[in-house]
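The lines below spell out each chain.
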Amino acid sequence: MSADDRPIRNVLFIMCDQLRWDYLSCYGHPVLQTPAVDELARRGVRFDAAYVQSPVCVPSRMSFYSGRYVSSHGATWNHVPFPVGQLTLGDHLARAGREAILAGKTHVIPDVASLERLGLPRDSREARMRLDGGFGELDRYDGHSPPGTESGYADYLRRHGYDSRDPWTEFVVGGVDPAGGRAEGWLLRNAHLPARVAEAHSETAYMTDRALAFMREQGDRPWVLHLSYIKPHWPLMAPAPYHAMYRDADTGRIVKADPATENAHPVLQAYRKAHDDCRSYAREDVVRHVRPTYMGLVKQVDDHLRRVIDYLDESGRAKDTLVVFTADHGDHLGDHGLGEKELFYEQAVRVPMIVVDPRASADRTRGSASDAFVEGIDVVPTVLDALGLDAARHVVEGRSLQPLLHGEGVAGWRDAVFSELDYAFRDARHVLGRPVDQCRGWMVRTRRWKYVHWQGLRPQLFDLQHDPDELVDLGDAPGRGLDAVRAEMKDRLLEWHSARKVRTTVDEATVVRRTEDWRGNGLFIGVW
């Protein structure tokens, strides 16, 4: 067996937080150059139609980690615990004696109530696995708040001279204003200022250091590592020189609808009215002020990914390591008059997805771009497939990308993608006067159409063939043809929902083995 035919032994699953697919040069950004990510694209397959199962951190990540849609795993928003009974990548690996290790963010909200009901001590290994989403913690750091005891980052900062009870707030997301006072990174107006932390001690640099140290310590032992960066997620304050790298650059077009033709949906109007981020990002001066910092944070991640790629090459691990690069969701960055994520515009639900399979059998697709619809739930089955492990088809709802990576014909590949949103925790609910159990939205996107079903409200519909920027909502537009489209897309949602895998406690082989098995036990039911 040649070196190029060696089996995959290691997996490096890289995720950025809140990274738009079009803010990478390999996806066409005209200004922001990301050569490390571009290198991954040259080595693997760049998927140009990758979608997340929710445009919100927790539900999206739980879908990535479980391989299941949000309606199946139940963690519908950032405050909703991930049920202890849900299986994750770590659980599937554990059956084969493998472990998934975490460096960075998971945003798992622990289901403490269920753990207590089951009598599992919180410091037990099983409880830790449930609390951590099935990962073994190298360093868990969820960002956008001071690191806790699960991370070594705060002590690391103090050892490097950032003497403070809360060095993260003071130095990592803190700057100095022109008058010498403290400038908080939480405020968008300070996005142009450099963070007080040195770049080498920043969040991105620190987590890269931790990941590289882990990989080196493994030597020739196989490993599965989730390197989960918290950037370019807010607070939007970057260390020098990244804070100023794109300050005078072209920050691109702002996608704005004409109010006379937009037909703004009630949920969209409620978001714009209720939320600070939407009110701020509706101003062009804010968008132009913030985007350069976002671009700088993306560039910083790319520079540190170069260190990771170099290690894989120098150590020889590039030849037996599957690499997955993606994001948990995107960022509107002022498009559609929105900040942040949520809602179902492409800026929020579409993400980069690059997969590098080093085996010779993937050579035919190396460096190519695929327009096949792929979803976040496909990562788990892809990893299991690459490692030759049981696919857990009775639980996992995604599909392995290996056939696409190897250039094989795939009959019946999906022709639509799905995403979900629960806005019950948001002030938009109050604006709309909706009860907490009627604040859900479900998206289905095909090549031409994007349809969103909102509980108790009219749907949204966009013709992506003639309106790729989603500027005109046809959700209640008259016309027999549009009525047929809306009915067809609603039927697609019903069919999709009816196919969710809820029988997860027995596998398919057990169902086959036990079909009508009472006859073997001497039972004759209903016989005349």
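Residues numbered from 1 in each chain as written. Predicted model: local features only at pLDDT ≥ 70, side-chain atom pairs only at ≥ 80, totals over all residues. Heavy atoms only, no water.

Trainee: Tell me what's going on with the side chain of Thr208, and back it up with residues and numbers.
Mentor: Relative to the helices and strands, Thr208 is located in helix H9 (residues 203–218). Every residue in contact with Thr208, bar those within four places of it in the chain, is listed here: Tyr229, His304, Arg307 and Val308. (Helix = DSSP H or I, 4+ residues; strand = E, 2+ residues; numbered from the N terminus. Contact = heavy atoms within 4.5 Å.)

Trainee: Which residues make up the pairing of strand S8 (residues 321–327), and what values go with them?
Mentor: Each regular strand shows side chains that alternate between the opposite faces of the sheet. Most of S8 is tucked away: 7 of the 7 residues are buried. Neither face of S8 is left uncovered, since the one carrying Thr321, Val323, Phe325 and Ala327 and the one carrying Leu322, Val324 and Thr326 both have all their residues buried. Note that strand S1 (residues 10–17) and S8 share 7 bridges and pair parallel. Its bridge partner lying in S8, Met15 is registered against Thr326. The sheet contact formed by S8 and strand S9 (residues 350–356) spans 4 bridges and is antiparallel. Pairing of Val323 across the sheet is with Val356, part of S9. (Buried < 20%, exposed > 50% of the residue type's maximum accessible area, 1.4 Å probe, protein only. Pairing = 2+ DSSP bridges.)

Trainee: Could you give an account of the side chain of Arg20, naming the residues involved and the relevant values?
Mentor: Residue placement: Arg20 occurs in the loop between S1 and helix H1 (35–43). Look at Arg20 and you get buried, because its relative accessible area is 4%. The contact partners of Arg20, leaving out residues within four places of it in the chain, are Tyr294, Gly330, Asp331, His332, Leu333, Asp335, Gln347 and Pro352.

Trainee: Can you explain a nonpolar patch on the surface? Please cite residues and give values.
Mentor: On the surface, a cluster of nonpolar side chains totalling about 300 Å² of accessible area is made up of Trp518, Leu523 and Ile525. Topologically, Leu523 is positioned in the segment after helix H19 (508–514). (Patch = residues over 30% accessible without salt bridge, like charges linked within 9 Å, V, L, I, M, F, W, Y side chains within 5 Å. Areas by Shrake-Rupley, 256 points an atom, 1.4 Å probe, with all protein chains shown as cover. Salt bridge = Lys/Arg side-chain N within 4 Å of Asp/Glu carboxyl O.)

Trainee: Got a sec to walk through unusual backbone geometry? Specific residues and values, please.
Mentor: Cis rather than trans, the peptide bond between Trp234 and Pro235 has omega equal to 0 degrees. One can find Pro235 in the loop between strand S7 (224–232) and helix H10 (259–262). With an omega of 5 degrees, the peptide bond running from Ala240 to Pro241 counts as cis. Summarising the element assignment, Pro241 is placed in the loop between S7 and H10. A positive phi angle is found at Glu516, which is not glycine, with a value near 55 degrees.

Trainee: Give me the lowdown on the sheet that holds strand S3 (residues 100–104), citing residues and values where you can.
Mentor: In space, the 8 strands of this open sheet follow the order S4-S3-S7-S1-S8-S9-S2-S10, with mixed pairing throughout. Both outer strands of the open sheet, strand S4 (136–140) and strand S10 (368–375), are each paired with one neighbouring strand and no more. Within this sheet the neighbouring strands show an average axis-to-axis angle of 20 degrees, counted without direction. Where helix H13 (residues 284–315) meets the sheet, it contacts S1, S7 and S8, and its direction lies at approximately 160 degrees from that of S7. (Axes fitted to C-alpha atoms, helices over the stretch in contact; angles between N-to-C directions.)

Trainee: Describe the state of the cysteines, and please don't skip the residues or the numbers.
Mentor: Using the criterion set out here, one finds 0 disulfides in the structure. Lacking any disulfide linkage, Cys26 is separated from the closest cysteine sulfur, that of Cys16, by 11 Å. With no disulfide of its own, Cys57 lies closest to Cys16 among cysteine sulfurs, the gap being 12 Å. (Disulfide = S-S within 2.5 Å.)

Trainee: Please set out the packing of aromatic side chains residue by residue, giving values where relevant.
Mentor: On inspection of all chains with the given rule, the structure shows 18 aromatic pairs. Relative to Trp496, the ring of Tyr69 lies with its centre 5.2 Å away and its plane at 90 degrees, an arrangement referred to as edge-to-face. Taken together, the residues span a long stretch of sequence, with Tyr69 in the loop between helix H2 (57–66) and helix H3 (70–73) and Trp496 in helix H18 (residues 480–498) at a distance of 427 residues. Since its relative accessible area comes to 5%, Tyr69 is described here as buried. Judged by its relative accessible area of 6%, Trp496 falls in the buried class. Aromatic side chains Trp168 and Trp186 sit 6.3 Å apart centroid to centroid with 70 degrees between the ring planes, which places their arrangement in the edge-to-face category. Within this pair, whereas Trp168 is found in helix H8 (residues 167–172), its partner Trp186 is found in the loop between strand S6 (182–184) and H9, the two being separated by 18 residues in sequence. Among the aromatic residues, ring-to-ring pairing joins Tyr141, Tyr153, Tyr156 and Tyr206 into one connected group. The ring of Tyr27 has Arg46 lying over it, and the distance from NZ or CZ to the ring centre is 5.4 Å. The residue whose ring lies beneath Arg447 is Phe373, and the NZ or CZ to ring-centre distance is 4.0 Å. (Phe/Tyr/Trp six-rings, centres within 6.5 Å; stacked < 30°, edge-to-face > 60°. Lys NZ or Arg CZ within 6 Å of the ring centre and 35° of its normal.)

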